[in-house]
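Working through the structure, step by step
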Amino acid sequence: MTQVDLPQVSVQRYLELLRRRRWQVIPVSLLGLVIGGLVAFFIPRYYVAQSVLTYESPPGASVARGDEDPFLVIVDTARLTLPNAIESAVKTLGWEQAAIADPFERTQALRQLEGRLEVGDANPGKGRKHARIVVTYRDRDGLRSADFVNTLVGTWMQQRLADLRAGAEQDKATATARYNELQAAYNQYLDRRSTLERTYGIDPALDLGWQKVAFDRREADLQQRRAELAALRKAIVAAQQRLAQLQERRNLLPARVQVGTELSLEELAKLPAAQKLLLELDYYQKLVEAYRPGNPWRRAAEGRVAEIKLDLAKVASP
């Protein structure tokens, strides 16, 4: 059958068909209307509330390249953080979800509210000048839906503002601490500079070239004094070594010397007149060794030792 042989569409033919098949078409149509009405009646009606947030670029912000979306991070942050404000918004509204004591049941109730919440991007694109964030919430009560959206957005903005302020305060504290460290280092530098100027006699108002000449002259004089001091120290070391040698030689000498010029102590001990003097000499010599230099008793004993030696010399003389 070609296109020419197809029967023409006629409204009269359809009306004739409906008249002949009315007991089949009308009940099926009525049944479809009844089923559709029942379904429409039992399906819950949700009222949709929307809130649109416009985010502009802050003044002085760097312009993104044309192949990048400068507000993609802002929109993604809103998608992630807006659900976190649901619990605070519910507490502010005083809804029954906030009064649930069981943490698990309260979390499930809040997730049901989150399931009816949507955060979208109204004007996605690269190189845009602002972002339009659409917050949508569905509820069977229209007033309840509007209150929830407005409270949620306000609570979220307060939380974000508090977070930004906390971050700014932390940055401020860090910057203040760093400034104090740098200021302390600068003050130490000034103190060190002042100390060096006083130590080396540097005058900031004078030419550094002239001051360097005077400084070099003082350095040369100081080097000469250091050389003289080193020579004196060497002489002192040599004298100490010479003294040590003399002390060693002195220690090799006998503890006592002859009293007389002609007779020894052994020979004097044989003389009756010298025996008493030798005993007295030995006593006062021990007395001299018992007291410290400068003691009056020692000086008296030393004087008596000298007198006894004179007496012994007289006895020993022929």
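Attention now goes to the sheet that holds strand β2 (residues 117-121). Strand order across the open sheet formed by 3 strands is β1-β3-β2, with antiparallel pairing between neighbours. Bordering the open sheet on either side are β1 (47-56) and β2, each of which pairs with just one other strand. Going across the sheet, the axis of each strand differs from the next one's by a mean of 20°, ignoring polarity. Note: β2 against strand β3 (residues 130-139), 5 bridges, orientation antiparallel. Looking across to β3, one finds that Val119 is bridged to Val135. Against the sheet, helix α6 (residues 142-200) touches β1, β2 and β3, its axis set at about 25° to β1.

On to the pairing of β3. With 7 of 10 residues buried, β3 lies mostly within the body of the structure. Here 10 bridges tie β1 to β3, and the two strands are oriented antiparallel to one another. Bridge assignment links Gln50 to a residue of β3, and that residue is Thr136.

A separate point is the packing of aromatic side chains. Ring pairs (aromatic) are described by centroid distance and by the angle formed between their planes. Within this structure, the stated rule accounts for 5 aromatic pairs. Here the aromatic rings of Tyr283 and Tyr284 are separated by 5.1 Å at their centres, their planes lie at 80°, and the arrangement is edge-to-face. Three or more aromatic residues joined by ring pairs make a cluster, and in this case those are Trp95, Tyr137 and Phe148. One residue, Arg144, lies across the ring of Trp95, its end atom 3.6 Å from the ring centre.

Glancing now at the packing of helix α4 (residues 86-93) against helix α5 (residues 103-115). Packing of α4 against α5 brings their axes to within 10 Å, and their N-to-C directions diverge by 100°. With respect to α5, the element α4 is oriented roughly perpendicular. Across the interface between the two elements, Ile86, Glu87 and Val90 from α4 touch Arg106, Leu110, Leu113 and Glu114 from α5. Looking at the contact of α4 with α5 residue by residue, the class counts come to 4 nonpolar, no polar and 3 charged.

Residues with a pLDDT of 70 or more make up 82% of the protein chain, whose mean pLDDT is 80. In the model of the protein chain, helix α8 (residues 265-269) stands out as the element of lowest mean pLDDT, 61, in contrast to α4, which has the highest, 91. Between residues 257-262, whose pLDDT stays under 50, and residues either more than four places distant or in other chains, the model counts 12 contacts.

Let us look at the nonpolar core. Ile86, Val90, Leu113, Tyr137, Phe148 and Leu152 are the most contacted members of the largest nonpolar core, which has 24 residues in total. Elements supplying a minimum of two residues to this core: β1, α3 (72-81), α4, α5, β2, β3 and α6. Broken down by element, this core gets its largest block of residues, 5 residues, from α6. Core analysis: the next-biggest nonpolar cluster, separate from the first, contains 10 residues, Ala274, Leu277, Leu281 and Val288 among them.

This part covers the pattern of salt bridges. Side-chain pairing between opposite charges can occur once the charged atoms of the two side chains come close. Counted under the stated rule, the structure contains 13 salt bridges. Glu181 is the partner of Arg178 in a salt bridge, and the nearest nitrogen-oxygen pair spans 3.4 Å. Of the two residues, Arg178 and Glu181 are both situated in helix α6; the distance of 3 residues between them amounts to about one turn of the helix. Arg178 gets classed as partly exposed once you look at its relative accessible area, which sits at 48%. Two residues, Glu307 and Arg304, come together in a salt bridge whose shortest N-O distance is 3.0 Å. A residue pair is termed a helical-turn pair when its members lie 3 or 4 positions apart in one helix, as Glu307 and Arg304 do in helix α10 (residues 296-316) at 3 residues.

Quick look at a nonpolar patch on the surface now. Judged by side-chain polarity, Leu31, Ile35, Val39 and Ile43 come together as a nonpolar surface patch covering roughly 360 Å² of accessible area. Relative to the helices and strands, Ile43 is located in the loop between α2 (22-42) and β1. Its relative accessible area of 47% is what places Ile43 among the partly exposed residues.

Another aspect to go through is α6. In this model α6 runs 86 Å from its N-terminal to its C-terminal C-alpha over 59 residues, within 8% of the 87 Å that 1.5 Å per residue would give. Measuring from the side-chain oxygen of the N-cap residue of α6 to the backbone nitrogen of Leu143 gives 3.3 Å; that N-cap residue is Asp141. At the C-terminal side of α6, Gly201 shows a positive phi close to 65°.

About the cut-offs
Residues numbered from 1 in each chain as written. Predicted model: local features only at pLDDT ≥ 70, side-chain atom pairs only at ≥ 80, totals over all residues. Heavy atoms only, no water. Pairing = 2+ DSSP bridges. Helix = DSSP H or I, 4+ residues; strand = E, 2+ residues; numbered from the N terminus. Axes fitted to C-alpha atoms, helices over the stretch in contact; angles between N-to-C directions. Contact = heavy atoms within 4.5 Å. Buried < 20%, exposed > 50% of the residue type's maximum accessible area, 1.4 Å probe, protein only. Phe/Tyr/Trp six-rings, centres within 6.5 Å; stacked < 30°, edge-to-face > 60°. Lys NZ or Arg CZ within 6 Å of the ring centre and 35° of its normal. Parallel < 35°, antiparallel > 145°, perpendicular 65-115°, else oblique. Nonpolar A, V, L, I, M, F, W, Y, C, P; charged D, E, K, R; others polar. pLDDT = per-residue confidence, 0-100. Core = buried A, V, L, I, M, F, W, Y, C linked by side-chain atoms within 4.5 Å. Salt bridge = Lys/Arg side-chain N within 4 Å of Asp/Glu carboxyl O. Patch = residues over 30% accessible without salt bridge, like charges linked within 9 Å, V, L, I, M, F, W, Y side chains within 5 Å. Areas by Shrake-Rupley, 256 points an atom, 1.4 Å probe, with all protein chains shown as cover. Expected span 1.5 Å × (residues − 1). Polar contact = N/O pair within 3.5 Å; in protein donor to acceptor, adjacent residues only side chain to side chain.

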